[in-house]
Amino acid sequence: MNRIALSIIIALFLALPQTSCMFYSLKANQSDQVVPAEGYGSLDKFPFKEAWYGTYFQEDKIGCSHFKIEPTGSNFTITNDSTMRLKTMKETNEIVMKEIATVRPDMTMVSFQSNHRQNDKNLKITGRTEGGRLVVTRTTGGEALNTEHPFEDKVYHFSARSFMPALKGLEDGKAYSFIEFDPNLQRTRKVDQQVSSVKGDPGPNGAMWKVTTSDGRSVVHEWLDRKGLAVLQKAVNGDLVTVLEDENAAKKFLQAKTTGKDLILDVSFIPVSPKLPNPERLQSLKLRMQGIDPGLIARDWRQVILPVSTATSSEGFDVAVRTEDLKRFKSAEPTESRDPSLEKYLGSTLAIQSDHNEIVAQARKVVDRNEGTLDKVIKLVRWTAENVENKMQRSFTALEVLHSKTGECQSHATLYTALARAEKIPSRVATGLVYTDRGGFLYHAWAESYVNGWLAVDPTLKQVPADATHIKIAAEQEGDEAASILKMLGKVKIELLEYN
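It should be emphasised that the depicted structure is a prediction, and the values quoted were computed from it without experimental measurement.

So, how was this worked out
Note that residues are indexed from 1 along each chain, following the sequence as it is written. pLDDT decides what is reported in this predicted model: residues at 70 or higher carry local features, side-chain atom pairs at 80 or more are listed and counted, and totals for whole chains, interfaces and linings draw on all residues regardless. To get the side-chain values, all heavy atoms of the structure are used, and hydrogens and water are removed first. Note on method: axes are straight lines fitted to C-alpha atoms, helices fitted across the in-contact stretch only, with angles between N-to-C directions ranging 0 to 180 degrees. The numbering of helices and of strands both runs from the N terminus, where a helix is a DSSP run of H or I of at least 4 residues and a strand a run of E of at least 2. The cut-offs work like this: below 35 degrees is roughly parallel, past 145 is roughly antiparallel, 65 to 115 is roughly perpendicular, and the gaps in between are oblique. Residues are treated as being in contact if the distance between any of their heavy atoms lies within 4.5 Å. Nonpolar residues are Ala, Val, Leu, Ile, Met, Phe, Trp, Tyr, Cys and Pro. Charged residues are Asp, Glu, Lys and Arg, and all others, Gly as well, are polar. When the centres of two rings from Phe, Tyr and Trp lie within 6.5 Å, Trp using its six-membered ring, the rings pair. Their planes under 30 degrees apart give stacked, over 60 give edge-to-face, and anything left gives tilted. For every residue, the accessible area (1.4 Å probe, protein chains only) is compared with the maximum for its type, and the residue is labelled buried under 20%, exposed over 50%, or partly exposed between those bounds. Each nonpolar core is a collection of buried residues, namely Ala, Val, Leu, Ile, Met, Phe, Trp, Tyr and Cys, held together in the definition by side-chain atoms within 4.5 Å. What counts as a salt bridge is simple: a side-chain nitrogen of Lys or Arg found within 4 Å of a carboxyl oxygen of Asp or Glu. For the purposes of these results, a polar contact is taken to be a pair of N or O atoms within 3.5 Å, where, inside protein, one atom must be able to donate a hydrogen and its partner to accept one; residues adjacent in sequence count only when each atom of the pair is a side-chain atom.

Caption draft 1: Looking closely at the packing of helix 5 (residues 357–366) against helix 6 (residues 373–387). For the pair helix 5 and helix 6, interaxial distance at closest approach is 9 Å and the crossing angle is 110°. In this view, helix 5 runs roughly perpendicular relative to helix 6, as classed from their interaxial angle. Contacts between helix 5 and helix 6 pair Gln362, Ala363 and Val366 from the former with Lys379, Leu380 and Trp383 from the latter. In the contact of helix 5 with helix 6, the residues fall into 4 nonpolar, 1 polar and 1 charged.

Caption draft 2: Quick look at the environment of Ala298. Tracing the chain through its elements places Ala298 in the loop between strand 17 (284–290) and strand 18 (303–307). Separated by 175 residues in sequence, Ala298 and Ile473 place their C-alpha atoms 5.1 Å apart. When sequence neighbours within four positions are dropped, the list of residues in contact with Ala298 reads Gln303, Ile305, Lys472, Ile473 and Ala474.

Caption draft 3: Main features of the packing of aromatic side chains. Here the structure, examined in full by the defined rule, presents 11 aromatic pairs. Taking the centre distance of 5.3 Å and the plane angle of 55° together, the rings of Tyr40 and Phe46 count as tilted. For Tyr40, a relative accessible area of 5% corresponds to the buried category. Ring geometry for Tyr345 against Trp454: centres 5.3 Å apart, planes inclined by 90°, an arrangement best described as edge-to-face. On the criterion of sequence distance, the pair formed by Tyr345 in the loop between strand 19 (317–322) and helix 5 and Trp454 in strand 24 (residues 454–457) is long-range, its members being 109 residues apart. One exposure class covers both Tyr345 and Trp454, and it is buried.

Caption draft 4: Broad picture of the nonpolar core. Core analysis: the biggest nonpolar cluster contains 46 residues, and Phe46, Met107, Phe112 and Met164 have the highest contact counts within it. With 5 residues, helix 2 (residues 160–168) is the single largest residue contributor to this core. Beyond its immediate stretch of four places on either side in the chain, Phe46 contacts Tyr40, Phe163, Ala166 and Leu167.

Caption draft 5: Seen up close, the pattern of salt bridges. By the definition in use, this model includes 25 salt bridges. Between Arg133 and Glu130 there is a salt bridge, and its shortest N-O distance comes to 2.7 Å. Residue Arg133 is classed as partly exposed on the basis of its relative accessible area, which comes to 31%. For Glu180, the salt bridge goes to Arg161, with nearest N and O atoms at 2.7 Å. Within this pair, whereas Glu180 is found in strand 10 (residues 175–182), its partner Arg161 is found in helix 2, the two being separated by 19 residues in sequence. In terms of burial, Glu180 and Arg161 fall into one category: buried. Each of Arg161, Glu180, Asp182, Arg189 and Asp215 takes part in a single network of salt bridges with overlapping partners.

Caption draft 6: Structural context of unusual backbone geometry. For the bond from Ser273 to Pro274, the omega torsion is 0°, close enough to zero to count as cis. Here Pro274 lies in the loop between strand 16 (270–271) and strand 17. The omega angle of the peptide bond from Val464 to Pro465 is 0°, so this bond is cis rather than trans. Positive phi, normally seen in glycine, also occurs at Lys405, with a value near 55°. Given a relative accessible area of 30%, Lys405 falls into the partly exposed group. One non-glycine residue, Lys424, adopts positive backbone phi at about 65°. Among the structural elements, Lys424 can be located in the loop between helix 8 (409–422) and strand 22 (427–436).

Caption draft 7: Fine view of the side chain of Glu324. Relative to the elements of secondary structure, Glu324 occurs in the loop between strand 19 and helix 5. Look at Glu324 and you get buried, because its relative accessible area is 7%. Side-chain polar atoms of Glu324 contact the side chain of Trp301, separated by 2.8 Å. In this structure the side chain of Glu324 is engaged in a polar contact, spanning 2.9 Å, whose partner is the backbone nitrogen of Ala456. Not counting chain neighbours up to four residues away, the residues in contact with Glu324 comprise Trp301, Arg302, Phe329, Trp454, Leu455, Ala456 and Pro465.

In structure tokens form, the structure reads like this:
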């Protein structure tokens, strides 16, 4: 287990839309009010202003939250406080989030402030709308970064999706779309919602309506009663559940000792038999995966998906991985005629501050600028592995990792990627599974650099190339790995077929 540290699992929960925290008040049950087919139309007409909720993952309670809607002049402020506790490697990691969104009566966004604290690390994100753009400031580790996000017509804070059914109205077959901004992923996206009536007897807790929400990376199902009150929500194929609770029941979570499953030891670990000898030396690996959709696994230059010859759904699918031959990368040199599609893997981002003077200075201390690209990659991987202590501590940015010199696999991969980009080497973070000395697979993060072709490297395990036990998860864009991994937790089974 000392090969890798995996607080990456904690980060995955933060990357999910926090819709589970934004429901409605129990006081709404005291009224016989019914949501009109055309909806309430304005927040001032909502009969619920405050509520408490409990969040459960695979039946273990992992969090509670409280929201409040208050008028602020002609607008409204939606405040949400939530606490989540996740057990990893027998230790409790606490994530405290406070979201304050100022919105107009129709819920279009005016401004927001988001504060996240995970153990001893803090992240603050603020934003405001100015004409057709959203101006966002992200502050962590004493560093602030400003970004702008253009939008057309209207933009909503991500909490709006929980109130939209009551605002727009409940009618069988009704569908609508809107654009939201998610502070966690730092991007706008289209959200689609579909309303259907509960057929036959009322659903859970008297639910009369079901609302399905999709945003291109995840699907969430909510059950609402006749007033528009959400009484149950299910996400991640039903593993992540939020239920309406009274204040006392919700607050008990805050005083109770964390119990339940360990996200690494009990949920994410995937045992295999027999144990792999010298896994760090493996050049090729073929295995069978069951229990998940093959679309969750990436297909690329080193990894292919093969159907099982007798193909029934219960037999799963095969994955074959082969490491790169370093001989083809030795002659690679920087070139001004590089493929334009690689430019996005060179830029500085909110987490990967490759243009920061400290990152640039550190990269230049490690490598000789006249060296070949492969030599630079090898030196940067080695320096990161040898100088960042492998510890279960998450950082929000590469600069924080450089300052603390501690972190888990995600921290190693983020810092390496920033250093490589500072040296004009296109690089990106990869997420997936890797074999551990416990005799099975765990979720892990590594990196990929473009050196006359993509090359997988592991700055936690000091590997160039990364060994064949690195199985990458598919992701259309950064942040999508979260939904994929949560769909796999506790479900995937692996059988070793061939290895060399």
